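The residues making up each chain are set out below.
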Number of protein chains: 2
Amino acid sequence: MSQSVDSAVDAVRAYIDQHRAAFLDDLAAWLRIPSVSAQPEHAADVHRSAEWLAAKLQETGFPVAEVWPTPGAPAVYAEWPCDDPGAPTVLVYGHHDVQPAARADGWDSEPFEPVVRGNRLYARGAADDKGQVFFHLLGVRAHLATTGRTTPAVHLKLLIEGEEESGSPHFRALVEQHAGRLAADAVIVSDTGMWSEDTPTVCTGMRGLAECEIRLYGPDQDIHSGSFGGAVPNPATAVGRLVAALHDENGRVAIPGFYDGVIDLTDRERELFAELPFDERQWLATAKSHATAGEAGYTTLERVWARPTAEVNGIGGGYQGAGSKTIIPSSAMVKLSFRLVAGQDPAHIEKIVGDWVRTRVPAGIRCEVGFSSATRPCLTPLDHPALQSVVRAMGRAFGKPVRFTREGGSGPAADLQDVLGAPVLFLGISVPSDGWHAPNEKVELDLLLKGVETSAHLWRDLAEHWRHAP
Amino acid sequence: MSQSVDSAVDAVRAYIDQHRAAFLDDLAAWLRIPSVSAQPEHAADVHRSAEWLAAKLQETGFPVAEVWPTPGAPAVYAEWPCDDPGAPTVLVYGHHDVQPAARADGWDSEPFEPVVRGNRLYARGAADDKGQVFFHLLGVRAHLATTGRTTPAVHLKLLIEGEEESGSPHFRALVEQHAGRLAADAVIVSDTGMWSEDTPTVCTGMRGLAECEIRLYGPDQDIHSGSFGGAVPNPATAVGRLVAALHDENGRVAIPGFYDGVIDLTDRERELFAELPFDERQWLATAKSHATAGEAGYTTLERVWARPTAEVNGIGGGYQGAGSKTIIPSSAMVKLSFRLVAGQDPAHIEKIVGDWVRTRVPAGIRCEVGFSSATRPCLTPLDHPALQSVVRAMGRAFGKPVRFTREGGSGPAADLQDVLGAPVLFLGISVPSDGWHAPNEKVELDLLLKGVETSAHLWRDLAEHWRHAP
């Protein structure tokens, strides 16, 4: 067994070496499409990204590759059945849309003009998430070439959505609409990261997300702060007071009912977290931040992986240009996002946040509270057999023991779990320094190719160790 | 005496009627120059405005009319000596720069394309302050024509600055530089308003102003709110907490030392305020606001005229565009203005605000606090004889008793008082609905012409009732 595994590892690596250049050229072509789902002016680009991917999946060999429209941005669906009807069915999830990016935000090169510097590929979407979707394409080819198979060892399905960076507003409906075709025994989510280059890990959970925009309206127009200042409510002051009231003095979210249902960390989970080689200085450098802060009584890893949060993503109101303008502004706004953990219900969060805002807004200020589509939190069962396949495949690719983490970010994985009734596993090779949502997003080329290797090993391991219960 | 006053009133009105059309054409030409001192792109327009005014003053008959450069925007100085060397010297103050304005802010017409609708002239600067500077030009011509004089009855000087809407950063130095030529027995400030069309008033004081911009820096770049949220300080949250901490639960400014030296209102002043025909609903309509709010224990008039304030003029940070962006922003900022009352020292305010910000900013957040030039508060001595001349001249123009107010806004009048050692009087005909600093700024044409009349009567009254102490 050990020898056959070793030779499979070598064969996969040899195959990848041969196809590496074409693989990176293809990925670069995809990254050049600015598929920013949050910006209406990029709607056509998101469509173009979907068409490009569907064509590439057909070229890869998937007998089915379709663009699935939604009321928003389209998803891509593909399937490649196994010649053994009894093989398990695995659905890979990722997304082809990306965060907004502009050179002026601090990029060293154009965000949609991929460039390799050193051993890194820089582009918006390189890690989040096009790179991590794309490694499966070469992975399945390597799997076939090195096993001599003509079909994958599992029934392989891919669902690559186009609205993940906009809160996946139509994703659940899409999954419900196509639940029959999407049916799977397990879902592999490739939209997360691992601990570090040196410590490969499998993620066992993601936080959920609820997002809202609060607009406060005071005077019907900007008014003179000398003539009226001190005697009427100022919406920019009111928005500041809302922000300040989000947390108590212990860093806990102070919105009544916010912690309802939260599943607390177990002692065992806290021990597993504590065993990871965590270096706070290094973490801060990755976070580009200059201090830790947060909920009292929890470590930094616990805060980002397993505790819910309220963060201000944007705030604005009044005069923000050069110089000064002595006004009381007519309106102000704040964009908030709430990260949620297992046991929290986004619908409940939306209700209590709306209620909280409305009770706190002072007389003379009108408020509007709008929510984007929410994302549910999720946790992978630690004892699921498919999880062991992911751990083994990753271990072969990296040649190291694989440990466990969680992910502070959010994805629509919980919708897949809910609708399809399948467990969700996480397979990602991104590292914290990749700069998700930030300027100079990149992917480490070595890790990207380890992702290809992992994908190449995974399908056979799943078929060998885990039969679909008939 | 009564007959001669009546005939003087008629003669002044007849003269103004004859010259009204040309006067309004000239004012419109001036208003077309977008002399926005706060916006660097309008620097040339502010220069053009000064040149235009100086030329117009020469055309009016002023033997001296000069553009005075400053390190920022230029002022205009003019003088017209009296043929009686023993006559008092009066310096008129106003400003030729205006607030920023753009059609998109909510204007019904172009802000720099004056238009008469009904009996109102709409344009940025119509009331604040070009209209109120300009009425003196026709006023002095009417004074000469109706008295048969070839020079004004007082030594008349004008100083019209170009940086009032930017906090007059170079004004005090300019006044100090030219203190000899500016020497006067009294200063007439025409940059305020009156109670209402029906209740002519003279203003006896203005609030001072200190302005600051606070910039808070957190992560070195925007970072992912999922990966890092809940574990590092967020500068947008920190800016909200600063704003919330500005006031206590009684609406008092909570910055330690803020009320140091404040001269409280006397019972007599509170009675005078209370006697004015104040209608809170009407005041709110003028303020375009939907509730009163402010420091507990004070009326609305007391709050805006005689109490110091802290207002947010602008706040910003993070993503403010369409949709959402799940980031912790790298920075946030807030622009604050503090209105000050007699007894408060702007330099002290700047020091305590800077100290307060620095002590409140949390670990991991870096702050920058910048101040614009400050404006001192001022109060006119109620028993000054020149004040009675202003009241009489205004009474003749309006045919009504004249009452007393204060002004919530700020102007550099206190610098003139400090440097020149002369009392400051306020003569303004603007009304609260004129929309200073707001879209659709206008001036009531009837009141503008009452301003001309008042100016025409004032110079003879001053000369007759108040001789310069030799």
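The residue numbers shown here count from 1 along each chain, following its written sequence. Ligands are numbered from 1 and chains lettered from A, in the order in which they are written. With the structure being a predicted model, the display of local features is reserved for residues of pLDDT at least 70 and the display and counting of side-chain atom pairs for 80 or more, all residues being used for whole-chain, interface and lining totals. The side-chain figures draw on all heavy atoms in the structure; neither hydrogens nor water molecules are used.

As annotated in an unreviewed UniProt entry, chain A is Dipeptidase from Streptomyces composti.

Turning our attention to the nonpolar core. All names here are of chain A. By nonpolar core we mean a set of buried residues, namely Ala, Val, Leu, Ile, Met, Phe, Trp, Tyr and Cys, connected to one another through side-chain atoms within 4.5 Å. Each residue is assigned to one of three classes by its accessible area relative to the maximum for its type, calculated with a 1.4 Å probe on protein chains only: buried under 20%, partly exposed between the two thresholds, exposed over 50%. Formed by 68 residues in total, the largest nonpolar core has its most connected members in Phe 23, Leu 57, Leu 158, Leu 448 and Trp 459. For this core, the element with the highest residue contribution is helix H13 (residues 445-465), accounting for 10 residues. If we ignore the near neighbours within four places in the chain, the residues touching Leu 158 are Leu 57, Phe 62, Val 76, Tyr 77, Ala 78, Leu 91, Val 92 and Leu 137. A run of DSSP states H or I qualifies as a helix once it reaches four residues; a run of E qualifies as a strand once it reaches two. Both are numbered from the N-terminal end. Between two residues, a contact is recorded if the distance between any of their heavy atoms is within 4.5 Å.

Let us look at the pattern of salt bridges. The rule for a salt bridge is simple: a side-chain nitrogen of Lys or Arg has to be within 4 Å of a carboxyl oxygen of Asp or Glu. In total, this model carries 64 salt bridges over all chains according to the counting rule given. Note that Arg 103 of chain B is salt-bridged to Glu 110 of chain B, the shortest N-O span being 3.3 Å. Here Arg 307 of chain B ties to Glu 295 of chain B by a salt bridge, and the two come within 2.8 Å at their closest N and O atoms. Residue Arg 307 of chain B is located in the loop between helix H9 (300-306) and strand S11 (309-318), and its partner Glu 295 of chain B is located in the loop between helix H8 (280-286) and H9; the two are separated by 12 residues in the primary sequence. Given the relative accessible area of 4%, Arg 307 of chain B is considered buried. Connected through shared salt-bridge partners, Arg 172, Glu 176, Arg 376, Asp 415 and Asp 418 of chain A make up one network.

All names here are of chain B. Fitted lines through C-alpha atoms serve as axes, helices being fitted only where they are in contact, and the angles separating the N-to-C directions of these axes extend from 0 to 180 degrees. Orientation of helix H11 (residues 385-398) relative to helix H13 (residues 445-465), taken along the N-to-C sense of each, is 135°, at an axis distance of 7 Å. Judged by the angle between their axes, H11 and H13 are oblique. The element H11 and its partner H13 pack so that their crossing is right-handed. Residues Ala 386, Ser 389, Val 390, Arg 392, Ala 393, Met 394, Arg 396, Ala 397 and Phe 398 of H11 touch H13, and the partners they reach there are Leu 447, Lys 450, Glu 453, Thr 454, His 457, Leu 458, Asp 461, Leu 462 and His 465. For the contact of H11 with H13, the class distribution of residues is 9 nonpolar, 4 polar and 5 charged. For classification purposes, an angle smaller than 35 degrees is called roughly parallel, one larger than 145 roughly antiparallel, one from 65 to 115 roughly perpendicular, and anything else oblique. What makes a crossing left-handed is the near helix being turned counterclockwise from the far one by less than a right angle; a clockwise turn instead makes it right-handed. Gly is put with the polar residues, along with every residue not named as nonpolar or charged; the nonpolar set is Ala, Val, Leu, Ile, Met, Phe, Trp, Tyr, Cys and Pro, and the charged set is Asp, Glu, Lys and Arg.

Residues and elements named next belong to chain B. What a helix should span is 1.5 Å times the count of its residues minus one. With 15 residues, helix H10 (residues 346-360) ought to run about 21 Å at 1.5 Å a step, and its terminal C-alpha atoms sit 21 Å apart, in line with that. Turning to H10, its buried residues number three or more, namely Pro 346, Ile 349, Ile 352, Val 353, Gly 354, Trp 356 and Val 357. At its buried positions, H10 is contacted by strand S9 (208-217), helix H6 (235-244), strand S13 (331-340) and strand S14 (366-371).

Moving on: the environment of Trp 107 of chain B. Structurally, Trp 107 of chain B is set in the loop between strand S3 (89-95) and strand S4 (115-117). Ignoring anything within four residues of it in the chain, the contact list for Trp 107 of chain B reads Ala 101, Ala 102, Ala 123, Arg 124, Ala 438, Pro 439, Asn 440 and Glu 441 of chain B.

Another aspect to go through is the packing of aromatic side chains. Residue and element names in this part refer to chain A. Only rings of Phe, Tyr and Trp enter the pairing, Trp through its six-membered ring, and a pair is recorded when the two centres are within 6.5 Å. The plane angle decides the type: under 30 degrees is stacked, over 60 is edge-to-face, the rest tilted. The final tally for this structure, using the stated rule, is 28 aromatic pairs over all chains. Taken together, a centroid distance of 5.9 Å and an interplanar angle of 50° make the contact between Phe 258 and Phe 338 tilted. Of the two residues, Phe 258 sits in the loop between helix H6 (235-245) and helix H7 (267-275) while Phe 338 sits in strand S13 (residues 331-340), which places them 80 residues apart along the sequence. Of the two residues examined, Phe 258 and Phe 338, each falls in the buried class.

Residues and elements named next belong to chain A. One can read the domain layout of chain A as domain 1 (2-206 + 378-465) and domain 2 (208-262 + 308-371). Here's the idea: put two parts together, see how much 1.4 Å probe accessible area each one loses, and the total over both is what we call buried area. When domain 1 packs against domain 2, close to 370 Å² is buried across both sides, 48% of that on carbon and sulfur atoms. Contact with domain 2 buries area across many residues of domain 1, yet Met 206, Leu 379 and Ser 410 alone supply 60% of it, more than any other trio. Here domain 1 and domain 2 share 0 salt bridges between them. Here a polar contact means two N or O atoms within 3.5 Å. Within protein one must be a hydrogen donor candidate and the other an acceptor candidate, and residues neighboring in sequence count only if both atoms are side-chain atoms. Scanning the region where domain 1 abuts domain 2 turns up 2 residue pairs in polar contact (both at pLDDT 80 or more). Among the residues forming the side of domain 1 that touches domain 2, the class breakdown is 2 nonpolar, 4 polar and no charged. Boundary definitions for the domains trace back to an automatic or database domain assignment.

What follows deals with H13 of chain B. Count 3.6 residues to each turn of an α-helix, and residues three or four apart come out pointing the same way. All names here are of chain B. When the terminal C-alpha atoms of H13 are compared, their 30 Å separation across 21 residues agrees well with the 30 Å that a helix rising 1.5 Å per residue should span. The quantity called bend is, for any residue, the angle between two axes fitted respectively to the seven residues ending at it and the seven beginning at it. The sharpest bend along H13 measures roughly 30° and falls at Leu 458. Taken across its 21 residues, H13 has 16 buried, putting it largely inside the fold.

UniProt positions are given in the numbering used here, feature names are shortened, and annotations may be inferred rather than shown by experiment. When the UniProt feature table is mapped onto this chain, "domain: Peptidase M20 dimerisation" (unreviewed entry) is found at residues 205-362 of chain A. Secondary structure across residues 205-362 of chain A divides into 31% helix and 23% strand, with the first and last C-alpha atoms of the span separated by 39 Å.

What follows concerns the interface of chain B and chain A. Between chain B and chain A, the contact holds 83 residues from the first and 82 residues from the second. Together chain B and chain A conceal approximately 6600 Å² of surface at their shared face, both sides included; 53% is due to carbon and sulfur atoms. The interface formed by chain B and chain A holds 0 salt bridges in total. Joining chain B to chain A, the criterion identifies 41 residue pairs in polar contact (both at pLDDT 80 or more).

This paragraph deals with the sheet that holds S11 of chain B. Two strands pair if DSSP finds at least two bridges between them. Strand order in the open sheet formed by 8 strands is S14(A)-S9(A)-S13(A)-S11(A)-S11(B)-S13(B)-S9(B)-S14(B), and the pairing between neighbours is antiparallel. In this open sheet, the two strands that pair with only one neighbour each are strand S14 (366-371) of chain A together with S14 of chain B. With strand direction ignored, the average angle separating the axes of adjacent strands in the sheet is 25°. Where strand S11 (residues 309-318) of chain A lies against S13 of chain A, 8 bridges are found, and the strand directions are antiparallel. Across the sheet, residue Ala 310 of chain A finds its bridge partner in S13 of chain A, namely Phe 338 of chain A. In the packing of H6 of chain A onto the sheet, the strands contacted are strand S9 (208-217), S11 and S13 of chain A together with S11 of chain B, and the crossing angle to S13 of chain A comes to about 15°. Running over the sheet, H6 of chain B touches S11 of chain A together with S9, S11 and S13 of chain B and is turned about 15° from S13 of chain B.

Within the element layout of this structure, Thr 60 of chain A appears in helix H2 (residues 43-60). Excluding residues within four positions of it along the chain, Thr 60 of chain A makes contact with Trp 80, Leu 137, Val 140 and Arg 141 of chain A.

This brings us to unusual backbone geometry. Note the cis peptide between Asp 128 of chain A and Asp 129 of chain A, where omega equals 10°. Assignment of secondary structure puts Asp 129 of chain A in the loop between strand S5 (120-122) and helix H3 (130-147). A positive phi angle is found at Asn 440 of chain B, which is not glycine, with a value near 60°. Within the element layout of this structure, Asn 440 of chain B appears in the loop between strand S17 (424-426) and strand S18 (442-444). Given a relative accessible area of 16%, Asn 440 of chain B falls into the buried group.

The next point concerns the pairing of strand S2 (residues 75-80) of chain B. All names here are of chain B. Most of S2 sits inside the fold, with 6 of its 6 residues counted as buried. The side-chain alternation of S2 yields two buried faces, one formed by Ala 75, Tyr 77 and Glu 79 and the other by Val 76, Ala 78 and Trp 80. Two successive antiparallel strands, strand S1 (residues 64-68) and S2, enclose a turn made up of 6 residues. In terms of strand pairing, S2 meets strand S6 (residues 155-161) through 5 bridges, oriented antiparallel. Bridged to Glu 79 within S6 is Lys 157.

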